[in-house]
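Structural overview for review
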Amino acid sequence: MNAGIRHLVSIDDLSLPEILELFQHAKRFAQDMRAHSQVARGLISASIFYEASTRTRLSFESAMLRLGGGVLTAADMRLSSASKGESLADTVRVVSSSYADILVLRHASEGAARLATEYSNVPVINAGDGSHEHPTQTLCDLYNLWVERGRIEGLHVMLAGDLRYSRTIHSFVYALARFGANIVSLPTPGFELPPYVVQRLREEFGVEPMRADGEKLGDLARSCDAMYLTPQKPHQLSLFTDAKGISVEHVDAVYMTRPQTERYTSNDTLPPRPMSLTKQSLAGASLRDAVVMHPLPRRDEIPSELDEDPRAIYFKQAARGVPIRMAILALLLGRLELSAPRSAVDVRYHPVSVGENPCPNPTCISRTESRHVTARYKLASRFPVRGFCAYCSQELPARFVGCTTTGLFHERDSAAARQIRPDHLVFFRDEPQALALGFHPALRPTSPLEAASAANAGSPEASSTSA
Amino acid sequence: MNAGIRHLVSIDDLSLPEILELFQHAKRFAQDMRAHSQVARGLISASIFYEASTRTRLSFESAMLRLGGGVLTAADMRLSSASKGESLADTVRVVSSSYADILVLRHASEGAARLATEYSNVPVINAGDGSHEHPTQTLCDLYNLWVERGRIEGLHVMLAGDLRYSRTIHSFVYALARFGANIVSLPTPGFELPPYVVQRLREEFGVEPMRADGEKLGDLARSCDAMYLTPQKPHQLSLFTDAKGISVEHVDAVYMTRPQTERYTSNDTLPPRPMSLTKQSLAGASLRDAVVMHPLPRRDEIPSELDEDPRAIYFKQAARGVPIRMAILALLLGRLELSAPRSAVDVRYHPVSVGENPCPNPTCISRTESRHVTARYKLASRFPVRGFCAYCSQELPARFVGCTTTGLFHERDSAAARQIRPDHLVFFRDEPQALALGFHPALRPTSPLEAASAANAGSPEASSTSA
Amino acid sequence: MNAGIRHLVSIDDLSLPEILELFQHAKRFAQDMRAHSQVARGLISASIFYEASTRTRLSFESAMLRLGGGVLTAADMRLSSASKGESLADTVRVVSSSYADILVLRHASEGAARLATEYSNVPVINAGDGSHEHPTQTLCDLYNLWVERGRIEGLHVMLAGDLRYSRTIHSFVYALARFGANIVSLPTPGFELPPYVVQRLREEFGVEPMRADGEKLGDLARSCDAMYLTPQKPHQLSLFTDAKGISVEHVDAVYMTRPQTERYTSNDTLPPRPMSLTKQSLAGASLRDAVVMHPLPRRDEIPSELDEDPRAIYFKQAARGVPIRMAILALLLGRLELSAPRSAVDVRYHPVSVGENPCPNPTCISRTESRHVTARYKLASRFPVRGFCAYCSQELPARFVGCTTTGLFHERDSAAARQIRPDHLVFFRDEPQALALGFHPALRPTSPLEAASAANAGSPEASSTSA
């Protein structure tokens, strides 16, 4: 663990000005891909892939080679070291010791890249951790919007298809909201954006989904409920809204996704005619000028007839994955200085001090590699008290929270709960769990006055850390 | 698809003078393999292998590294992108976009490399497409003859073993005939050169197989029918021919092949003692000076006792695969200019405009990747009308051909058939198929005069495109 | 086969002064890993791995890249060429022809690297041949001792855990003895150093195991019989020895190993609580200053609580694998000259001239690749006559030995046996085998005089080659 090293685990590790500055560099690299072979001369990247993903791997390796660096490849770690029982933490420590100057990590467990940063001596790039994050894919998508449209703020981006299971889509919507872009969602029925994604959009960016008028959005909008998600203030929208919902006059980009069938459960069934983006779908009045994006690989959701349409940029989109990764590699390797300020967000992770790991996600690295992981959480909100696993970002399922100082536990939406210092906070699934760990129930206040005194009794600490 | 890019799908993509000039460069590279690391500096090759073939892959990658370039490796694509359902066409578009400056493609389907050239933004090298072509192997074989013998024209090359299933052998015999070399075939009984290979030798190069006198050809000739195939004029041969067949006085090279057991059907059985090239086999009077070649890997068809024989050059042969591939890579990457004229052969591919894909080969890329393929054919002869699949080069099984202008169909060996313009030509397996597609039978002429008028009626077009 | 090429098959291929000089260079490389990219510029290494071993492969490839060279990777040869039935010998001949300038070979069969040297045109580095040798691992271990302690001679190294099945441990103990270091063994009960290892220590280095007093060796010593193995003269030890065994006052390094469970037979069972090195184990009086080493990967034999202990150097140990391999690569590639004299040991291998391959090891390369191997042995001792397989180093199981000149066979511990010249020596499992091969029993001498004359009768040769 080396505090001075910069990693890319989540796109949130970069500030918006940094991202825009990286785009400038990516564009510079793209102008002549063969002219930058001095940048990483003498440096080595290691592709440590616990899941095969040839596309992603090759794009990183191409970027490193184009920067003049060398590449080590472990294209399927599951079959080698891991089979000898080596932990991810140990592998990372060894490979980051002298083998490589930067690690590009792909893993099936959510949070694997975060864990890797805790043990690595060199920068770690998350090249996909389960269904959690894949920040360079998101950067690439944003970079494409920026190249095609000159900006991201204020753009209208239509997302269509399976919006429920696509990791790419979730990261992308957060990033769009963060940049102040507007989202038009056109989900395959039954595959809408999940509630927790909408909740985060609401909490972090003030985004509220509104009904959108499908009239001008092409024939895809006829088969589903189009929604409009915007970080703008409501009064700015009133002009365009009526009973049919907000009218979207101009869409800048249509982002199509494939059905993530490999993640479907027995409850998920695609409609008889899966959504497919045809020339006709693009005939909607608002779509005339929209570029068509897709993270690839595609199956039938974009027929090849569209490939020659000048709006179809999905192959360009993939191509731009190399220069944007060149920029990221150069930055993390210390071969590129940005003048933009780093993110002001200072996320703090608090260790789970009592009881077992509260993360509910069975494929989270905090559960699959428990030996090297100290369970940690980050505080998402104080009222009600909500915590997320520091690794996989899933919410901890806590109806009750306790305080290690007082030994009392409280309903998570109580005033007392709110005042517990993060370092003293314990999450309990339910009352029996709290009791089993030796905590006692706090008295439930019955009036505001009692509530205040009970809160003080239950948590006598200064609330200097309240959010 | 970029018309200006030069690919290597078939050895026919190179003219004979170009091949000879490439040999000069290969020889120059071979003189000091370590002295050419500026040639491809800053460029990247991508090995996209849908079938594992370590030998071939390493020889290309070594060549690229020795030219100073970088290498991306996807050693088994079947297990990665392809498993997500991505088409070859899409993979090629992505990898050729910005990842790599040249693609080296290996695929199990015949025609895969041809298809790749239709979608690639960079040069494609065919590193083996099913049982179709493997042009750099053939170039390597020719290069070895040229290095060892100083020329190819007029050489006598003896081919022994399984001549039926070896892709390497088929490409090699065409190339030998094209260069004006003579072929002595010594097939394992039951594993003779297939009729379609002999037919092409006959049609393109005027080669007719003649019986060869086995007397001076060593003991292998005793167990099989030796044949002599030469592009020379018959009168030049009369001196050496008698009842026992033509007498081959001097063989320059013996090319031994392994039984391609993996392609055998239940009808194919090797003789109890498979053919094996021993010191004794090389004692034939004509073989005293012959070099011994083998594409490797070998099993028992060349025992190790032969390895120290100075005539055994099969390991040198493999070694020369690197410099010849360096020359090819340098050429296609635009880092080597040839002064020799390019091939005058201008092969035209005509789209199949009516009905389904007529290619009979179930493993042809035009059938396994139908989504991205427009079936095409090339006209091989006009009398009778014969067409080959543009991808896998297999002959289209057509007893009848139709004309899209007249709506009539004809026997393929009729005068009328001959005059249909390639763009209007349709191939029909049989009459029912022609009728089903809405074509009508032409009147069958009964006299030469009627024939002529019927032909004109059936195909009123100018025959400006007749071959 | 090229006699002038230098290989690294066994650590015995390097003299002690050479090893120490290599350490100096490794240290120089380690000072700035990125400053040596001119050393192997223009050269190529090929990783030919018949067994996946990502760790070892990446450390070699990193070393080569850091020296500025290129890398070819065949990470699992079993699945490719080998599946087409190609022999190791042929693969080595091809890859060493022009593809690569040095081979790094990993193989499941003991002796594979030795065989490779017989066919390679470039240097071969043994990166592990079955359970036989892995010399760069041993070099790395020694290098770590040298860096941490400044010397190797006279150090006290404690080996703990499964000392029976660990190839790493066996090579390491030989090397320690050769350098004049002292060994304290703390085996898991039932997993002691095998008798043949102790025998070699005794024969080559005069090492006799003595009981060690466990008192000051920490709690691990309580569960097992600690032994002390030293190449020192007994009189030097008398001061420290009493009834409880020799007292080890200071241990320089503890080398912990993992249970090699994959090699266990049904007779091998780990104790209910497998040996585990904890902070408490290191509390022994003699261990206060010991560094803790482990070849990695580790499982439970070193808990992660130890990772932050300053004595735990196992991750540094792995990191040092790169500079030491840089030194080896540079040496064998001819890019590093050593001033130290080469090993004076001149091991002679004698061909097995009569009968079948006497090597008893079914996984020895001399048996798995019999086609390309001439069975060979080296004479280990003359009284009794003992021979080792030249490939896997296992002792040939011979109760009798014969002489090809006299046609007689003798008990291997007879005076006559002793005098047979190695080139005439034949090993027989038992009498029936000797008789079956046409040899006759020698008369058994009954008195010293008769013995001498019988010996002369049985082997009339000059004993100029006696060891």
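Residues numbered from 1 in each chain as written. Chains lettered and ligands numbered in written order. Predicted model: local features only at pLDDT ≥ 70, side-chain atom pairs only at ≥ 80, totals over all residues.

1. Considerations on the overall build of chain A
When you go through chain A residue by residue, the secondary structure sums to 14 helices and 19 strands. Scaling as 2.2 N^0.38, a compact globule of 467 residues should have a C-alpha radius of gyration of about 23 Å, and chain A matches this with 24 Å. Counting across all 467 residues of chain A, residues that qualify as buried make up 54%. Counting only contacts in chain A whose residues sit at least 6 apart along the sequence, the fraction spanning at least 24 positions is 73%. (Helix = DSSP H or I, 4+ residues; strand = E, 2+ residues; numbered from the N terminus. Rg over C-alpha atoms; globule rule 2.2 N^0.38 Å. Buried ≥ 20, exposed ≤ 12 C-beta atoms within 10 Å, placed from the backbone. Contact = placed C-beta atoms within 7 Å.)

2. Quick notes on the sheet that holds strand β4 (residues 124-129) of chain C
Residues and elements named next belong to chain C. Read across the open sheet, the four strands follow the order β2-β1-β3-β4; overall the sheet is parallel. Of all strands in the sheet, those with a lone pairing partner are β2 (70-74) and β4, marking the two edges. Each strand of the sheet is rotated relative to its neighbour by a mean of 15°, with strand direction disregarded. Bridge analysis of strand β3 (residues 102-107) against β4 gives four bridges, and the strand direction is parallel. From the neighbouring strand, Leu105 faces β4, where its bridge partner is Asn126. Contacts between helix α4 (residues 112-119) and the sheet are confined to β3 and β4, with β4 contributing the most and set at about 160° to the helix. (Pairing = 2+ DSSP bridges. Axes fitted to C-alpha atoms, helices over the stretch in contact; angles between N-to-C directions.)

3. Structural notes on the relation of the copies chain C and chain A
Mapping chain C onto chain A calls for a screw motion: a turn of 120° about the axis and a shift of 0.0 Å along it, with 0.1 Å RMSD after fitting. Seen this way, the second copy is the image of the first under a three-fold rotation axis. When you check the interface residues of chain C against chain A, a mere 5% turn up at the interface there too, and the two sides of the contact use different surfaces. (Least-squares fit on C-alpha atoms with pLDDT ≥ 70 in both.)

4. Examining the packing of helix α5 (residues 135-149) of chain B against helix α6 (residues 167-178) of chain B
Residues and elements named next belong to chain B. At a minimum axis distance of 9 Å, the contact between α5 and α6 shows a crossing angle of 55°. It follows from the interaxial angle that α5 and α6 lie oblique. Crossing handedness for the pair α5 and α6: right-handed. Taking contact as the criterion, the partners of Pro135, Gln137, Thr138, Asp141 and Leu142 in α5 are, on α6, Thr168, Ser171, Phe172 and Ala175. In terms of residue class, the contact of α5 with α6 is made up of four nonpolar, four polar and one charged. (Parallel < 35°, antiparallel > 145°, perpendicular 65-115°, else oblique. Left-handed = near helix turned anticlockwise from the far one by under 90°. Nonpolar A, V, L, I, M, F, W, Y, C, P; charged D, E, K, R; others polar.)

5. Concerning the packing of helix α5 (residues 135-149) of chain C against helix α10 (residues 321-332) of chain C
Residues and elements named next belong to chain C. Taken N-terminus to C-terminus, the directions of α5 and α10 make an angle of 120°; their axes are 9 Å apart at the nearest point. Taken together, the axis directions place α5 and α10 in an arrangement best described as oblique. Like other packed secondary-structure pairs, α5 and α10 cross with a definite hand, here right-handed. Side by side, α5 and α10 meet where Thr136, Leu139, Cys140 and Tyr143 of the first sit next to Gly321, Ile324, Arg325 and Ile328 of the second. By residue class, the composition of the contact of α5 with α10 is five nonpolar, two polar and one charged.

6. Re the interface of chain B and chain A
Between chain B and chain A, the residue contacts involve 25 residues of the former and 22 residues of the latter. Mapped onto the side of chain B that touches chain A, the elements with two or more residues apiece are β1 (44-49), β2 (70-74) and α3 (88-99) of chain B. In terms of residues, the side of chain B that touches chain A owes the most to one element, α3(B), which gives seven residues. When the residues that make up the side of chain B that touches chain A are grouped by side-chain class, the tally is 11 nonpolar, nine polar and five charged.

7. A short note on the nonpolar core
If you look at soluble globular proteins, the nonpolar side chains tend to sit buried side by side. Residues Leu103(A), Val254(A), Leu103(B), Val254(B), Leu103(C) and Val254(C) are the most contacted members of the largest nonpolar core, which totals 448 residues. Excluding residues within four positions of it along the chain, Leu103(A) makes contact with Ala46(A), Ile48(A), Val92(A), Val95(A), Ser96(A), Ala116(A), Ser120(A), Val122(A), Val124(A) and Ile125(A). (Core = buried A, V, L, I, M, F, W, Y, C linked by C-beta atoms within 7 Å.)

8. Notes on the relation of the copies chain B and chain A
In this structure, two copies of a chain are linked by a rotation about an axis accompanied by a shift along it. Note on the copies: chain B fits chain A at an RMSD of 0.1 Å, the axial shift is 0.0 Å, and the rotation between them is 120°. The two copies present different faces, since only 4% of the interface residues in chain B are matched by interface residues at the equivalent positions in chain A.

9. A closer look at the interface of chain C and chain A
Every contact between the two is made by 22 residues of chain C and, on the other side, 25 residues of chain A. For the side of chain C that touches chain A, the element with the highest residue contribution is helix α2 (residues 54-66) of chain C, accounting for seven residues. Looking at the side of chain C that touches chain A residue by residue, the classes come out as 10 nonpolar, seven polar and five charged.

10. A word on helix α6 (residues 167-179) of chain A
Think of an α-helix as 3.6 residues a turn; residues three or four steps apart then line up on the same face. Residue and element names in this part refer to chain A. For α6, which comprises 13 residues, the first-to-last C-alpha distance of 19 Å matches the rise-based estimate of 18 Å (1.5 Å per residue) to within 8%. For α6, a buried count of 12 out of 13 residues is recorded, marking the element as mostly surrounded by other parts of the structure. By the burial criterion, the buried members of α6 are Arg167, Thr168, Ile169, His170, Ser171, Phe172, Val173, Tyr174, Ala175, Leu176, Ala177 and Phe179. Those residues of α6 that are buried lie in contact with α1 (16-31), α5 (135-149), β5 (156-161), β6 (182-187) and α7 (195-205). (Expected span 1.5 Å × (residues − 1).)

11. Digging into the sheet that holds strand β15 (residues 385-389) of chain C
Residue and element names in this part refer to chain C. Across the sheet, which stays open at both edges, the three strands sit in the order β13-β14-β15 with antiparallel pairing between neighbours. Either end of the sheet is taken by a strand with one partner, and the two such strands are β13 (350-351) and β15. Sheet analysis places strand β14 (residues 376-382) next to β15, joined by five bridges and oriented antiparallel. By the bridge assignment, Leu379 is partnered in β15 with Gly387.

12. A closer look at unusual backbone geometry
A cis amide bond links Leu296(B) to the next residue, Pro297(B), at an omega of -5°. Its location among the elements puts Pro297(B) in the loop between β12 (291-293) and α9 (314-319). With an omega of -5°, the peptide bond between Phe383(B) and Pro384(B) qualifies as cis. Checked against the element boundaries, Pro384(B) lands in the loop between β14 (376-382) and β15 (385-389). At Ser393(A), a position not held by glycine, the phi torsion is positive, near 70°. Structurally, Ser393(A) is set in the loop between β15 (385-389) and β16 (400-403). When the 20 C-beta atoms within 10 Å are taken as the criterion, Ser393(A) is described as buried. Its identity as a non-glycine residue notwithstanding, Leu296(C) has a phi of 60°, on the positive side. Mapping Leu296(C) onto the fold places it in the loop between β12 (291-293) and α9 (314-319).

13. Observations concerning the domain arrangement of chain A
All names here are of chain A. Here chain A is partitioned into domain 1 (11-134 + 321-332), domain 2 (156-251 + 253-289) and domain 3 (350-458). The C-alpha centroid of domain 3 is placed 35 Å from the C-alpha centroid of domain 1. With 11 residues of domain 1 at the contact, the number on the domain 3 side is 15 residues. Sorting the residues of the side of domain 1 that touches domain 3 by element identifies α3 (88-99) and α4 (112-119) as the ones contributing at least two each. Here the side of domain 1 that touches domain 3 takes three residues from α4, the largest share from any one element. When its residues are assigned to classes, the side of domain 1 that touches domain 3 shows four nonpolar, five polar and two charged. (Domains from an automatic or database assignment.)

14. Brief notes about the confidence of the model for chain A
Residue and element names in this part refer to chain A. On average, residues of chain A score 89 in pLDDT, and 91% of them are at 70 or above. Overall, residues 457-467 carries pLDDT values under 50, and its contacts beyond four positions in sequence, including any with other chains, amount to 22 contacts. Prediction confidence for the complex, expressed as pTM and ipTM, is 0.93 and 0.91 respectively. (pLDDT = per-residue confidence, 0-100.)

15. What to know about α5(C)
Residue and element names in this part refer to chain C. For α5, built from 15 residues, the straight-helix expectation of 21 Å at 1.5 Å per residue is met to within 8% by its first-to-last C-alpha distance of 21 Å. Of all the 15 residues making up α5, 12 are buried; the element is thus mostly covered by neighbouring parts of the structure. Within two residues after α5, Gly150 carries a phi angle of roughly 85°, on the positive side.

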